[in-house]
Amino acid sequence: MGYKNYFQSLDWETVKNQIKDKKAPDVKEALKNAGQGNLNDLMALLSPAAELFLEEMAQISHQLTKKRFGKTIQMYIPLYLSNECVNSCLYCGFRKENGGKRITLSIEEVLNEVEIIKRAGFDHLLLVTGEHPGKAGVDYLSAVIKAIRALFSHISIEVQPLETTQYEELIRLGLNTVLVYQETYNRDQYKQFHPQGKKSDFDFRLDTPDRLGKASIYKIGLGCLLGLEDWRTDSWFVGSHLRFLEKRYWKTKFSISFPRLRPAMGSLEPEYPLNDRELLQVILAYRIFNENVELSLSTRESRQFRDHVIKLGITTLSAGSKTEPGGYALNQDRLKQFEVHDERSSIEVARMIQAQGYESVWKDWEAYYGI
Amino acid sequence: MSDLMIAGELFKSRLFLGTGKFCSNEIMAQSIKASETEMVTLALKRFDMNNPEDSMLKHVEFPGVRLLPNSSGVRTAKEAVFAAQLAREALETNWLKLEIHPEPRYLLPDPIETLYATEELAKKGFIVLPYINADPVLCKRLQDAGASVVMPLGSPIGSNSGLKTREMLRIIIEQSTLPVVVDAGLGAPSHAAEAMEMGADAVLVNTAIAVADDPVKMAQAFKLGVEAGRMAFLAKLGGMTQSAVASSPLTGFLNDPKHKN
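Residues numbered from 1 in each chain as written. Chains lettered and ligands numbered in written order. Predicted model: local features only at pLDDT ≥ 70, side-chain atom pairs only at ≥ 80, totals over all residues. Heavy atoms only, no water.

Caption draft 1: Looking closely at the interface of chain A and chain B. In this complex, chain A contributes 31 residues to the contact, which on the side of chain B involves 35 residues. Between chain A and chain B lies a buried interface of about 2,700 Å² when both sides are counted; carbon and sulfur atoms form 48% of it. Two residues, A:Glu246 and B:Arg105, come together in a salt bridge whose shortest N-O distance is 3.9 Å. Inspection of the chain A/chain B interface yields 15 residue pairs in polar contact (both at pLDDT 80 or more). Considering every element that reaches the side of chain A that touches chain B, the biggest residue donor is helix 5 (residues 54-69) of chain A, with 4 residues. When its residues are assigned to classes, the side of chain A that touches chain B shows 12 nonpolar, 8 polar and 11 charged. (Contact = heavy atoms within 4.5 Å. Buried area = accessible area lost by both parts, 1.4 Å probe. Salt bridge = Lys/Arg side-chain N within 4 Å of Asp/Glu carboxyl O. Polar contact = N/O pair within 3.5 Å; in protein donor to acceptor, adjacent residues only side chain to side chain. Helix = DSSP H or I, 4+ residues; strand = E, 2+ residues; numbered from the N terminus. Nonpolar A, V, L, I, M, F, W, Y, C, P; charged D, E, K, R; others polar.)

Caption draft 2: Representation of a nonpolar patch on the surface. Residues and elements named next belong to chain A. On the surface, a nonpolar cluster with roughly 200 Å² of combined accessible area is contributed by Ile107, Leu111 and Leu151. Along the chain, the position of leucine 111 falls in helix 6 (residues 107-119). Residue leucine 111 is classed as partly exposed on the basis of its relative accessible area, which comes to 35%. (Patch = residues over 30% accessible without salt bridge, like charges linked within 9 Å, V, L, I, M, F, W, Y side chains within 5 Å. Areas by Shrake-Rupley, 256 points an atom, 1.4 Å probe, with all protein chains shown as cover. Buried < 20%, exposed > 50% of the residue type's maximum accessible area, 1.4 Å probe, protein only.)

Caption draft 3: Fine view of the packing of aromatic side chains. Summed over all chains, the structure comprises 18 aromatic pairs over all chains. When the centroid spacing of 5.6 Å and the interplanar angle of 70° are considered together, the rings of A:Tyr3 and A:Phe244 count as edge-to-face. Of this pair, A:Tyr3 sits in helix 1 (residues 3-8) while A:Phe244 sits in helix 13 (residues 231-248), and the two are 241 residues apart along the sequence. With 5.7 Å between their ring centres and 20° between their planes, A:Tyr6 and A:Phe244 make a pair best called stacked. Here the residue A:Tyr6 occupies a position in helix 1, and A:Phe244 occupies one in helix 13, the gap between them amounting to 238 residues. In this structure A:Phe244 comes out as buried when scored by relative accessible area, which is 6%. Among the aromatic residues, ring-to-ring pairing joins A:Tyr3, A:Tyr6, A:Phe7, A:Trp12, A:Tyr185, A:Tyr190, A:Phe202, A:Trp236, A:Phe237 and A:Phe244 into one connected group. Its end group placed over the ring of B:Trp95, B:Arg66 keeps NZ or CZ at 4.0 Å from the ring centre. (Phe/Tyr/Trp six-rings, centres within 6.5 Å; stacked < 30°, edge-to-face > 60°. Lys NZ or Arg CZ within 6 Å of the ring centre and 35° of its normal.)

Caption draft 4: Region of interest: the nonpolar core. Judged by nonpolar contacts, the single largest core of 100 residues is most densely connected at A:Leu79, A:Leu127, A:Trp236 and A:Phe258. Among the elements that take part in this core, helix 14 (residues 276-289) of chain A stands out by supplying 9 residues, more than any other. Ignoring anything within four residues of it in the chain, the contact list for A:Phe258 reads A:Leu226, A:Leu279, A:Val282, A:Ile283, A:Tyr286, A:Leu295, A:Ser296, A:Leu297, A:Glu301 and A:Ile314. Formed by 67 residues, the second largest nonpolar core is a distinct cluster that contains B:Phe62, B:Leu91, B:Phe126 and B:Leu186. (Core = buried A, V, L, I, M, F, W, Y, C linked by side-chain atoms within 4.5 Å.)

Don't take any of this as a statement about function, it's just geometry.
Rendered as structure tokens:
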């Protein structure tokens with residue numbers, strides 16, 4: 001039985017109300033269980049009642065993270081391979097209705113990008129595509145991974161959901177991690193935001209981490225697109241998904257990301273925007289709920305926010321990111337997935353990390369582990 | 001004080017250091033010096049074996065300090081053996097801290113894969129220092145398999161919780177013919193002292209030093225804690241012996257002149 005089945009027993013509105021009804025004593029109880037909380041504690045930590053405890057939560061999260069991950073920040077960089085897409089997700093710059101030049105990088109173009117990425121010091125790479133099975137399907141991803149495998153210690157992908165056997169094949173070629181965000185766990189709203197294309201299949205997406213677990217992937221990245229729906233409720237569902245998967249796929253590691261809806265060409269404004277204070281609350285809530293999960297923050301966020309939160313629970317950062325294919329080598333203005341908010345180079349970000357008394361870690365894996 | 005011998009090599013210091021989680025390579029190097037350790041571990045996944053200029057590697061190499069590569073990150077015996085062979089080639093050492101923890105959250109070691117890997121590596125001529133749960137029977141199995149020490153955990157890695165496995169550690173120390181190095185979970189110099197007082201041959205510390213506000217001073221504090229604990233063990237702690245009571249209310253009848261054999 002996968003999360004999909006368990007999910008049937010959960011009701012969005014009930015969860016939403018339970019979170020809203022949490023009071024200060026519930027938050028205090030959750031803080032007592034810091035590091036090893038249950039899903040009830042997570043509700044309290046995400047609730048409006050927890051807003052008054054933000055400083056205390058930050059202190060606890062700082063200590064827990066330092067103990068588990070040390071004074072280090074793992075660095076990675078995204079490489080956008082393709083902006084071609086068959087979907088119409090209302091919030092995304094790659095939606096097929098958008099104008100702008102579409103491209104899928106050739107292997108030669110990928111290697112040009114990689115040259116610049118390696119020069120910037122990166123050793124952990126995230127490959128990103130839109131969803132276009134014809135132009136950027138499994139065969140294409142296999143060819144890319146084969147071409148670059150020897151150049152990186154750790155390779156992740158953020159692409160369309162695949163079948164178990166397809167994941168197994170990519171893992172065999174050297175894939176370490178798959179990021180797959182449910183966007184929203186509100187089934188009805190999901191339909192609104194993903195009106196057509198393959199991504200409109202809520203259940204197939206929801207079942208993806210289970211397929212990855214069965215394929216024995218090393219690491220799975222979970223998350224929701226913050227701002228699409230009530231972020232407290234969606235964040236709790238991510239936590240419940242994490243807890244479910246951790247118990248079943250005990251060899252698999254997990255990370256959580258915090259994509260906050262950012263302006264993109266021709267896309268919608270977030271209906272449930274969250275401010276920096278609220279985004280911080282989500283980060284702290286996850287850390288206090290689970291002291292072992294990796295928490296990752298991209299360049300969607302501002303430099304000021306990123307500089308402050310590296311000590312408060314975040315373990316993984318990207319830097320110097322370009323969100324359009326060919327962005328590193330060609331530097332042409334192509335269709336982007338979203339606007340980058342922190343435009344500093346990897347060296348500048350590493351300097352900032354060092355100035356805060358932390359070390360930026362570039363390599364923390366071996367290509368042959370887990371393959 | 002008597003020196004510790006592992007695989008024919010003498011160590012004056014009974015404190016081993018891990019090198020993860022430090023805020024900078026410079027602070028790590030200063031902490032290694034301050035601890036006066038003679039053995040530091042280095043995760044193979046953290047440095048580039050093909051790059052002799054690797055910054056991490058440069059900061060852990062000191063004269064008189066043995067570099068002990070560890071296999072942290074591998075999930076099977078097969079991967080561990082492969083990693084050991086690469087490390088032997090790159091670092092020119094046949095010593096290996098064997099860490100196999102397929103469970104990525106508490107990083108608890110897999111006893112079955114660890115035993116297989118130890119057997120295989122010992123056959124291939126490696127000096128194997130396996131990280132294990134505090135399981136006395138596993139320690140005996142590893143001894144038979146050719147391990148050079150056993151490294152049972154005090155509590156989960158990075159937990160700073162101290163000797164939660166105390167009773168099992170006591171049995172391991174009592175039974176072991178190999179040096180016992182208590183590894184993982186030691187959060188304070190007093191924890192290290194406690195392990196040494198119990199008769200552990202050495203301890204390995206990482207997180208407690210690396211994440212302290214002043215890692216260099218903490219490294220020194222651990223050095224003193226380990227020395228104090230060892231000295232107390234050699235001096236034989238009064239409270240730890242199961243001394244007989246002065247009178248013998250249960251067996252006194254044997255001394256009664258009226259009692260006949």
